[in-house]
Amino acid sequence: MKKIIKQLFEALGMLWSYLCPRSLTKMCKGMRDSFYTGYLRRRFAHLGSSVFEWKALHLTGERFMTIGNGNIFEPGLQLTVRQTGSTLPTLTIGNGCLFRHGCHITASNSITIGDNLLTGTNVIITDNSHGTTDTAILQQPPRQRSIVSKGPVVIGNNVWLGNNVCVLPGVTIGDGAVVGANSVVTHDLPAYSIAVGIPAKNVRQIDIEKTSE
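Residues numbered from 1 in each chain as written. Predicted model: local features only at pLDDT ≥ 70, side-chain atom pairs only at ≥ 80, totals over all residues. Heavy atoms only, no water.

Asker: I'm lost on unusual backbone geometry in this one. Help?
Answerer: Peptide bonds are, in most cases, trans, and in most cases residues other than glycine have a negative phi. In this model, Trp54 is joined to Lys55 through a cis peptide bond whose omega is -5°. With respect to the element layout, Lys55 can be found in the loop between strand E2 (51–52) and strand E3 (58–60). Of note in this structure, Asn116 is not a glycine but carries a positive phi near 65°. Checked against the element boundaries, Asn116 lands in the loop between strand E10 (110–113) and strand E11 (118–119). Take Asn116: its relative accessible area is 39%, and that puts it in the partly exposed class. Positioned with a positive phi, Tyr192 is a non-glycine residue whose angle comes to about 60°. (Helix = DSSP H or I, 4+ residues; strand = E, 2+ residues; numbered from the N terminus. Buried < 20%, exposed > 50% of the residue type's maximum accessible area, 1.4 Å probe, protein only.)

Asker: Whenever I open this one, the pairing of E10 confuses me. Can you help?
Answerer: Successive residues of a regular strand alternate their side chains across the two faces of the sheet. For strand E7 (residues 90–93) and E10, the ladder comprises four bridges, and the chain directions are parallel. Looking at E10, one finds that Thr92 is bridged to Thr112. As paired elements, E10 and strand E15 (residues 153–155) share three bridges and run parallel to each other. The partner of Ile113 across the bridge, within E15, is Ile155. (Pairing = 2+ DSSP bridges.)

Asker: I'm lost on helix H2 (residues 22–41) in this one. Help?
Answerer: Every α-helix carries 3.6 residues per turn, so stepping three or four residues along brings you back to the same face. Under the 1.5 Å per step criterion, the end-to-end length of H2 is 28 Å for 20 residues, consistent within 8% with the ideal 28 Å. Residues of H2 that are buried: Asp33, Tyr36, Thr37 and Leu40. The buried side chains of H2 occupy one side of the element, clustering within an arc of 100° when seen end-on. Across H2 from its buried face, at more than 90 degrees, point the exposed residues Ser23, Met31, Phe35 and Tyr39. (Expected span 1.5 Å × (residues − 1). Arc of directions from axis to C-beta.)

Asker: Could you clarify how one ought to interpret helix H1 (residues 2–19) in this entry?
Answerer: End to end, H1 covers 26 Å across 18 residues, agreeing with the expected 26 Å (1.5 Å per residue, within 8%). With zero of 18 residues buried, H1 lies mostly on the surface of the structure.

Right, here's the structure in full:
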């Protein structure tokens with residue numbers, strides 16, 4: 001009986017592939033994503049010709065976000081900007097970036113991302129944390145601690161962040177840098193560096209002038 005049911009469902013799947021081929025599925029997905037992006041558009045300070053795929057997990061503070069053209073935000077995205085003081089926070093994203101599934105970007109100070117960033121899945125970029133490590137603060141439930149920032153985050157052009165990379169507050173990553181999967185970036189990384197580890201360390205520095213000769 002199990003075998004018959006399995007064969008039946010496989011046959012139904014094959015039939016569906018004829019009724020709804022991949023090209024049609026892709027077209028329908030594109031239409032859905034365009035509709036969803038249009039629905040979100042007026043919330044942002046500026047949103048260029050970028051696409052939010054269905055659907056973001058959490059969006060907060062879009063009025064503080066400036067996003068350029070040609071960016072793709074895959075499903076499961078978390079984009080949050082929270083104002084915690086008198087200074088207005090900002091999240092600025094350039095052009096041509098691809099944020100893979102499950103990315104989480106959160107700002108209470110300033111995050112600036114250049115052009116053509118490529119992320120793996122589940123990448124975290126944050127300029128803030130819940131409270132400090134003072135004894136009095138640690139006795140409070142984490143959700144009740146004030147949001148604090150140790151400094152802005154700046155990511156240059158043409159940067160690649162591998163799967164599960166975490167970029168912490170106060171960090172600048174230079175143009176063309178590559179950060180390996182599962183790394184935690186706690187300090188600045190120069191342009192055209194290859195960094196891996198916890199904390200991420202520069203294991204190779206590319207001489208861009210020499211390689212272009």
